[in-house]
Amino acid sequence: MKRNLVIIGGGPAGLAAAIGAYDEGERDILILEREPNLGGILNQCIHNGFGLHTFKEELTGPEYASRFIREVKARNIEYKLNTTVIKLSGEKRVTAVNETDGLMNIDARAVILACGCRERPRGAINIAGCRSAGIFSAGTAQKLVNMEGYMPGKEVVILGSGDIGLIMARRMTSEGAVVKAVVELMPYSSGLNRNIVQCLNDFNIPLKFSHTVVDIKGNGRVKSVVIAPVDEKLNPIMDKAEEISCDCLLLSVGLLPENELAKQAGIALSPVTGGAEVDENMMTLSDGVFECGNVLHVHDLVDFVSEESAHAGKCAARYIAGKIESGSERIKIGTFGGVRYCVPEYVYRGKASEGIGLKMRVNNVYRKVRIKVVADGVEIAGKNKQIVTPGEMETLSLTAEQADKLKNASDVSVGLEVK
C-alpha cells in the first residue's frame, strides 16, 4: 500500500497535523490511532481550561478534541481506529495491524509522528518498599475516575507536582477522597502556577517542596508512606522523616515522549527532551519524517500542541509537493544561561521566507531575565520576563527578517541573561 502522508497518532497533535496538511493542499492522508476513538488523552481530561489560546474560550478536554475531530471528518480525512503501529523503517515503511485489515505495510512519502507521551513509572524512580496495591500513576488514576468510574483510594498522597498530579489532587478531593499531601522533590513545582492555585490552594492541600517518598508500607494494600526532606544534592534527610497514613499513592513524576518508533527508524533523539531533533519545518534528521506534540517535547497547554502540529502538517504537505529542500546544510541552535533546550534544534541555511517560532524550557526558577537569541555574538531577538520557571514553556517568535539573520549566521544560541 502506498500513501502520501501517514500520521501516527489520532490525539490532538495528529488531528491538528492532518488538518494543517489538508489545508496546505495534501489530500492523500491517513491517520492511524490505536485507541477506539480519536482525541487521545483529551478524552479523559474532563476538567476545563483548554482552548483559551486557540478558541478564546474555556473548554473541557473532550470538547476541545471534538472540535478538531469535527474538522477532520468535514474534510473526509481517512483514519483507522484500533490500529497499532508496530514498526517504522528508515525508508518510511509503516507496519501496522488491526482486526479488520490484518497486517498492513504502508509505504509513505512522508510520516508525521504524533504519538504523545507516557508517564514515568515507579520503577524509574526507585522508591523503596513493598509492591502493594494502591500505587498508580496520576494519569492511570485519572482514567479510572473519569472514564471507568472507579476510585483508586480514599486517603491519598501524591508524589510529584506535575500538572496531572495537581489536577488529580483536585479531582480526588471532589470525589470525596482526602489528599494528605503533594510531595515534590525539587524546590519548585513542575506544573503550571494556575494549577497550584486552583487545585491545591483552593482546597487547602499542602504542597511540600524539597521532599520525597522514601518508603511505602503495607501488606497487600498501601497502609502508609514515609516522606523525608532532601538536601541540596537531593539526598533524603532520614532523621527528619515522617510517616503519613494512606491507602493510595499517585505518581506524577514526569512524562516521557513515546519514541520507540523513532528509535526503530534510527532517528536522532535529543538527550534532553527525549524527542527527535527537528528543524524549523518540524522535520527530523531523517528525510521526510516529521514529529510534533508531546512526542517531540512535553507541552504545558494543548493549544501549543495544536499550533505546532498544524505547522508540522503544513510542512509535510509542502515536502510532498517538493517545496521543501531536504539535505541542505543545517545549523545547530545552542543554549546558554539556564535554558535546557530549544525546539527546533536546527535551522536550514539560506534565505528565510517566513518567521520561526522557538520553544524552550529553563532548568530553574529565574527572576528578572531577558530571553534572547544570539547570532555570531549579536542579539537578534529577545524579550524581558519577570520570572521564568521549569514548569512553564517559554516561546519566542522571530520575524522573517530576524530568521534570515539566524539562518545565515555561523554560530547561533538561545539563552537567559539575568538582569
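Going by the structure above, here's the rest.
Residues numbered from 1 in each chain as written. Predicted model: local features only at pLDDT ≥ 70, side-chain atom pairs only at ≥ 80, totals over all residues. Heavy atoms only, no water.

Across its full length, the protein holds 8 helices and 27 strands. If one aligns the C-alpha atoms of the protein with their principal axes, the spans along those axes are about 60 × 60 × 40 Å. A fraction of 62% describes how many contacts in the protein between residues 6 or more apart in sequence connect residues 24 or more apart. Roughly 18300 Å² of accessible area belongs to the protein as shown, and the carbon and sulfur atoms make up 47% of that amount. Distance between charge centres in the protein, computed from 50 positive and 52 negative side chains, equals 1 Å. (Helix = DSSP H or I, 4+ residues; strand = E, 2+ residues; numbered from the N terminus. Contact = heavy atoms within 4.5 Å. Areas by Shrake-Rupley, 256 points an atom, 1.4 Å probe, with all protein chains shown as cover. Lys, Arg positive; Asp, Glu negative; His and termini not counted. Charge placed at Lys NZ, Arg CZ, Asp CG, Glu CD.)

Taken together, the 5 strands give an open sheet; going across it, the order is β22-β20-β27-β24-β25, and neighbouring strands pair in mixed fashion. Of all the strands in the sheet, the pair left with one neighbour each is β22 (346–348) and β25 (378–388). Pairs of neighbouring strands in the sheet enclose a mean axial angle of 25 degrees, with direction left out of account. Of the strand pairs in this sheet, strand β24 (residues 366–375) and strand β27 (residues 412–418) are connected by 7 bridges, and their pairing is antiparallel. (Pairing = 2+ DSSP bridges. Axes fitted to C-alpha atoms, helices over the stretch in contact; angles between N-to-C directions.)

Scanning the entire structure with this criterion turns up 26 salt bridges. Two residues, Asp-28 and Arg-3, come together in a salt bridge whose shortest N-O distance is 2.6 Å. Residue Asp-28 is found in the loop between α1 (12–23) and β2 (29–32), and its partner Arg-3 is found in strand β1 (residues 2–8); the two are separated by 25 residues along the sequence. Classification of Arg-3 as buried rests on a relative accessible area of 13%. The salt bridge partner of Arg-118 is Glu-258, with a shortest N-O separation of 3.2 Å. Placement of the pair is Arg-118 in strand β9 (residues 117–119) and Glu-258 in the loop between β18 (255–257) and α6 (260–264), with a sequence separation of 140 residues. (Salt bridge = Lys/Arg side-chain N within 4 Å of Asp/Glu carboxyl O. Buried < 20%, exposed > 50% of the residue type's maximum accessible area, 1.4 Å probe, protein only.)

This brings us to helix α5 (residues 193–200). Listing the buried residues of α5 in full gives Asn-195, Ile-196, Cys-199 and Leu-200. Looking straight down α5, one finds its buried side chains confined to an arc of 105 degrees; they lie on one side. The inward-facing, buried residues of α5 abut α4 (163–174), β12 (178–183) and β13 (207–208). (Arc of directions from axis to C-beta.)

The subject of this paragraph is the packing of α4 against α5. Direction vectors running N to C along α4 and α5 enclose 20 degrees, while the axes themselves pass 8 Å from each other. Considering their axes alone, α4 and α5 lie roughly parallel with respect to each other. Between α4 and α5 lies a crossing of left-handed hand. Contacts between α4 and α5 involve Asp-163, Leu-166, Ile-167, Ala-169 and Arg-170 from the former and Asn-195, Ile-196, Gln-198, Cys-199 and Leu-200 from the latter. Of the residues contributing to the contact of α4 with α5, the split by class is 6 nonpolar, 2 polar and 2 charged. (Parallel < 35°, antiparallel > 145°, perpendicular 65-115°, else oblique. Left-handed = near helix turned anticlockwise from the far one by under 90°. Nonpolar A, V, L, I, M, F, W, Y, C, P; charged D, E, K, R; others polar.)

Once that is clear, we can look at the nonpolar core. In terms of nonpolar packing, the biggest core is built from 43 residues, with Leu-5, Ile-7, Ile-112 and Phe-290 touching the most fellow members. Sorting the residues of this core by element identifies β1, α1, β2, α2 (61–74), β8 (102–113), α7 (302–320) and β21 (339–343) as the ones contributing at least two each. Looking at this core, the element that brings in the most residues is α7, giving 8 residues. Leu-5 has contacts with Ala-21, Asp-28, Ile-29, Leu-30, Ala-110, Val-111, Ile-112, Ala-316 and Ile-320, leaving out every residue within four places of it along the chain. By size, the runner-up hydrophobic cluster in this structure holds 25 residues, among which are Leu-358, Met-360, Val-369 and Leu-416. (Core = buried A, V, L, I, M, F, W, Y, C linked by side-chain atoms within 4.5 Å.)

Attention now goes to α1. Taking 1.5 Å per residue, 12 residues should reach 16 Å; α1 reaches 17 Å between its end C-alpha atoms and fits that length. Burial analysis of α1 places 10 of its 12 residues in the buried class, the great majority of the element. For α1, the set of buried residues is Pro-12, Ala-13, Gly-14, Leu-15, Ala-16, Ala-17, Ala-18, Ile-19, Gly-20 and Ala-21. Where α1 is buried, its residues contact β1, β2, α2, β8 and α7. Downstream of α1 by one or two residues, Gly-25 has phi in the positive range, about 120 degrees. (Expected span 1.5 Å × (residues − 1).)

When you line up the elements, Asp-376 lands in the loop between β24 and β25. Classification of Asp-376 as partly exposed rests on a relative accessible area of 43%. It is 41 Å that separates the C-alpha atoms of Asp-376 and Gly-10, two residues lying 366 residues apart in sequence. Excluding residues within four positions of it along the chain, Asp-376 makes contact with Ala-409, Ser-410 and Asp-411.

Okay, the sheet that holds strand β26 (residues 394–398) next. Here we have 3 strands laid out as an open sheet, ordered β21-β23-β26, and antiparallel in their pairing. At either margin of the open sheet sits one strand with a lone partner, and together these are β21 and β26. Direction aside, the axes of adjacent strands within the sheet are offset by 25 degrees on average. Pairing of strand β23 (residues 356–362) with β26, which is carried by 5 bridges, proceeds in the antiparallel orientation. Considered in β26, the bridge of Ile-356 is made with Leu-398. The strands touched by helix α8 (residues 400–407) within the sheet are β23 and β26, with β26 carrying the most contacts at an inclination of about 95 degrees.

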